[in-house]
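A look at the structure
The lines below spell out each chain.
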Amino acid sequence: MASTPRQMSIGMNILGLGGHGAAWRYAEVDPLSYLDIEYYRNIARISERGTLDAIFLADGPALAGNPAAGPSGRLEPTLVLTAVALATERIGVIATASTSYNSPYNLARRFASLDHLSGGRAAWNVVTTAGDAAARNFGLSGAPVHDDRYGRAEEFVEIAVKLWDSWEDDAVLADRERGVFADPAKVHAIDHVGTHFSVQGPMNVPRSPQGRPVLVQAGSSEQGRALAARQADAVFTTQTTLEDGQAFYSEMKGRAAAFGRDPDAIRIMPGLSTVIGSTEAEALARQAELDDIVGFESQLSQVAQRLQLSPKDLDPDKELPWHLIGDVSELGGGSHGFFLAQINLARREGLTVRQLTSRIRSGHRLLAGAPEQIADTLEEWFREGAADGFNIMPDVFPSGAETFVDHVVPELRRRGVFRTEYTGTTLRDHLGLTRPASRYARR
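A brief report on the enclosed structure follows. Just so it is clear, the structure is predicted and the values come from calculations on it, not from any experiment. (Residues numbered from 1 in each chain as written. Predicted model: local features only at pLDDT ≥ 70, side-chain atom pairs only at ≥ 80, totals over all residues. Heavy atoms only, no water.)

A short note on the nonpolar core
The criterion, for reference: Only buried residues count toward a nonpolar core. Its members are Ala, Val, Leu, Ile, Met, Phe, Trp, Tyr and Cys residues joined through side-chain atoms within 4.5 Å. The buried label applies to any residue whose accessible area, calculated with a 1.4 Å probe on protein chains only, is under 20% of its type's maximum; exposed applies above 50%, and partly exposed to all values in between. Per the convention used, a helix needs a DSSP run of H or I reaching at least four residues, while a strand needs a run of E reaching at least two, with both numbered from the N terminus. Any two residues whose heavy atoms approach within 4.5 Å are treated as being in contact.
The biggest cluster of nonpolar side chains holds 77 residues, and the ones touching the most others in it are Met8, Ile55, Trp124, Trp164, Leu378, Phe404 and Leu412. Here this core gets 9 residues from one element, more than from any other, and that element is helix H5 (residues 146–165). Apart from residues lying up to four places away in sequence, leucine 412 is in contact with Met8, Ile10, Ala375, Leu378, Val417 and Phe418. In this structure, Leu314, Phe339, Leu356 and Ile360 belong to the second largest nonpolar core, which totals 16 residues.

Encoded structure:
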């Protein structure tokens, strides 16, 4: 019997009103749309029409950026995605939540609840939170150092998984005649005592449809990669060149295998910012129009911020000042992934600062082109061992999502690398992942 051809996974990343900083000024939607649930439901329905795996919401527990420069706040993702799940049927819903400023029991319960309410379509994007602004919102004077954040995150995820497993699949009997709802022998205290937490358990919610909500991880530091290799079902990553993508892909598959995992059980999904036109010229014109709205100085500031430099340190028409750029291990509160994405692309292609600003958006590789060109890149990375799928960040919503679904997705289907219909009902089904057994079940 012939095996089913390997298919890529695709998520739609809803970044505010679009991945471009000028999206809120583009007059496509009301600037306050990001506060309206119908905005998110519309994008989710568009994405579901294209049989995408999931929609994704980033998050952080602090006001990001200058509020004068655009919508910089975010609604709480699990609340938004619960409402989205109730308005859709198949598409997965991935919410970001920090291990730095939550407790394991409450967060594990929240995602188990979302998995129940969505019929098995929930995922948790596990992040630690850098930056002093968030720390000060939780009574701290500054953010914990990187290694401490990841030590807490490792234990946090371990507890969440134990809690999700604490009810065996057949624990619920719902036997009205005998008056027995559940078998107590199949509901387990986890009795966790560790460095950061003590949690007795069990969870106060029965095991959810996926067994465990899908775990996504987005850190690219050494500690982030170790956490992903040990626990993650999918990794959102930031590689900007094919060579770096292939190296990261190979490394993460090898790390997973070293932990005794099937390398195919961890999906590697780089981010890709897109500007799509009917032709390359039309796409470049759209990008130029958006860039003119936001201004070069804003783009320059973003590059400088991710390198932890001042914009004054950057000459737009020269290469990056390599003598001022330290090693990633010396990076303070910034993102290791975004730092490496910028410097690797700039170094490999000898880009000036000005050229770099037009190739990076939202910290990820930016590609402007016709649908066939977008499909070329996705197919190349997928076939050449750099990705199992992608996290797409259109420039402006909803048109960027509609163009991707209506023109790029059909092209991918013609090439045989993306599904023509959903074949399962859960996010694990879409991602090609097996449903895990409870660790407490008798074997």
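Read on, since the account is not over.
What about helix H9 (residues 296–307)?
Note the following rule: Each helix should span, by expectation, one fewer than its residue count multiplied by 1.5 Å. Here the arc refers to the set of directions running from the helix axis out to each C-beta atom.
A rise of 1.5 Å per residue sets the reference length of H9, with its 12 residues, at 16 Å; its end C-alpha atoms lie 17 Å apart and thus fit the reference within 8%. Of all the residues in H9, the buried ones are Gln299, Leu300, Val303, Ala304, Arg306 and Leu307. Seen from one end, H9 has its buried residues packed into an arc of 165°, which puts them on one side. Of the exposed residues in H9, those oriented more than 90 degrees away from the buried face are Glu297 and Gln305. Where H9 is buried, its residues contact helix H8 (280–294), helix H10 (336–349), helix H11 (353–357) and strand E12 (360–361). Within two residues after H9, glutamine 308 carries a phi angle of roughly 55°, on the positive side.

Considerations on the side chain of aspartate 244
Here is the rule we go by: Between N or O atoms, a polar contact is any pair within 3.5 Å; within protein, one atom must be a potential hydrogen donor and the other a potential acceptor, and residues adjacent in sequence are included only when both atoms are from side chains.
As for its position among the elements, aspartate 244 is in helix H7 (residues 242–258). Judged by its relative accessible area of 14%, aspartate 244 falls in the buried class. A distance of 2.9 Å separates the side chain of aspartate 244 from the side chain of threonine 241, its partner in a polar contact. At 3.0 Å, the side chain of aspartate 244 forms a polar contact with the side chain of arginine 348. When residues no more than four places from it in sequence are discounted, the contact partners of aspartate 244 are Gln239, Asn344 and Arg348.

Remarks on the environment of alanine 256
Of note, alanine 256 is situated in helix H7. Residues alanine 256 and isoleucine 266, spaced 10 residues apart in sequence, show a C-alpha to C-alpha distance of 7.5 Å. The residues touching alanine 256, leaving out its near neighbours within four places in the chain, are Ala229, Arg261 and Ile266.

So, helix H1 (residues 37–49)
With 13 residues, H1 should cover 18 Å at 1.5 Å per step; its first-to-last C-alpha distance of 18 Å lies within 8% of that length. Buried within H1 we find Tyr39, Tyr40, Ile43, Ala44, Ile46, Ser47 and Glu48. Of the surrounding elements, those touching the buried residues of H1 are strand E1 (9–13), strand E2 (54–57), helix H2 (77–85) and helix H13 (399–414). Where H1 starts, the residue carrying a side-chain oxygen 3.0 Å from the main-chain nitrogen of glutamate 38 turns out to be aspartate 36.

Here's the deal with the packing of aromatic side chains
Worth spelling out the cut-off: A pair of aromatic rings is counted whenever rings of Phe, Tyr or Trp (Trp by its six-membered ring) have centres within 6.5 Å, and the orientation is called stacked for planes under 30 degrees apart, edge-to-face for over 60 and tilted otherwise.
Within this structure, the stated rule accounts for 7 aromatic pairs. Both rings, one in tyrosine 39 and one in tyrosine 40, keep their centres 5.2 Å apart while their planes meet at 80°; by these two values the pair is edge-to-face. The buried category is assigned to tyrosine 39, whose relative accessible area is 7%. On the basis of relative accessible area, tyrosine 40 is assigned to the buried category, the value being 7%. Measuring from ring centre to ring centre gives 4.5 Å for tyrosine 101 and phenylalanine 138, while their planes differ by 15°; the resulting arrangement is stacked. Separated by 37 residues along the polypeptide, tyrosine 101 in the loop between strand E3 (92–98) and helix H3 (104–118) and phenylalanine 138 in the loop between helix H4 (132–136) and H5 bring together distant segments of the chain. Among the aromatic residues, ring-to-ring pairing joins Phe111, Trp124, Phe156, Trp164 and Phe197 into one connected group.

Brief notes about the packing of H9 against H10
Just so we agree on the cut-off: Every axis in this analysis is a line fitted to C-alpha atoms, fitted for helices over the stretch in contact. Angles between the N-to-C directions lie between 0 and 180 degrees. Helix crossings fall into two classes, left-handed where the near helix is turned counterclockwise from the far one by less than a right angle and right-handed where it is turned clockwise. When residues are grouped by polarity, Ala, Val, Leu, Ile, Met, Phe, Trp, Tyr, Cys and Pro land in nonpolar, Asp, Glu, Lys and Arg in charged, and all others, Gly among them, in polar.
Here H9 crosses H10 at 115°, and the two axes come no closer than 8 Å. Helix-helix and strand crossings are classified by hand; for H9 and H10 the assignment is left-handed. Taken together, the residues of H10 that come into contact with H9 (itself represented by Gln302, Val303, Arg306 and Leu307) are Phe338, Phe339, Gln342 and Ile343. Looking at the contact of H9 with H10, its residues break down into 5 nonpolar, 2 polar and 1 charged.

Some thoughts on the pattern of salt bridges
Two side chains of opposite charge can pair, provided their charged atoms sit close to one another. What counts is decided by this rule: The salt bridge definition used is simple: a Lys or Arg side-chain nitrogen within 4 Å of an Asp or Glu carboxyl oxygen.
Overall, the coordinates contain 29 salt bridges when judged by the stated rule. For aspartate 169, the salt bridge is made with arginine 435, and the minimal N-O distance between the two is 2.8 Å. Of the two residues, aspartate 169 is situated in the loop between H5 and strand E5 (172–175) and arginine 435 in the segment after helix H14 (427–431); the sequence distance between them amounts to 266 residues. The partner of aspartate 317 in a salt bridge is arginine 354, and the shortest N-O contact between them spans 2.9 Å. Taken together, the residues aspartate 317 in the loop between H9 and H10 and arginine 354 in helix H11 connect sequence positions 37 residues apart. Through salt bridges with shared partners, one network takes in Asp165, Asp169, Arg207, Arg212, Arg435 and Arg439.

Observations concerning unusual backbone geometry
Of note, the amide linkage connecting glycine 201 to proline 202 takes the cis form, showing an omega dihedral of 0°. Take proline 202: it is sitting in the loop between strand E8 (198–199) and strand E9 (214–217). Looking along the chain, the bond that leaves phenylalanine 397 and enters proline 398 is cis, with omega of 0°. Summarising the element assignment, proline 398 is placed in the loop between strand E14 (389–394) and H13.

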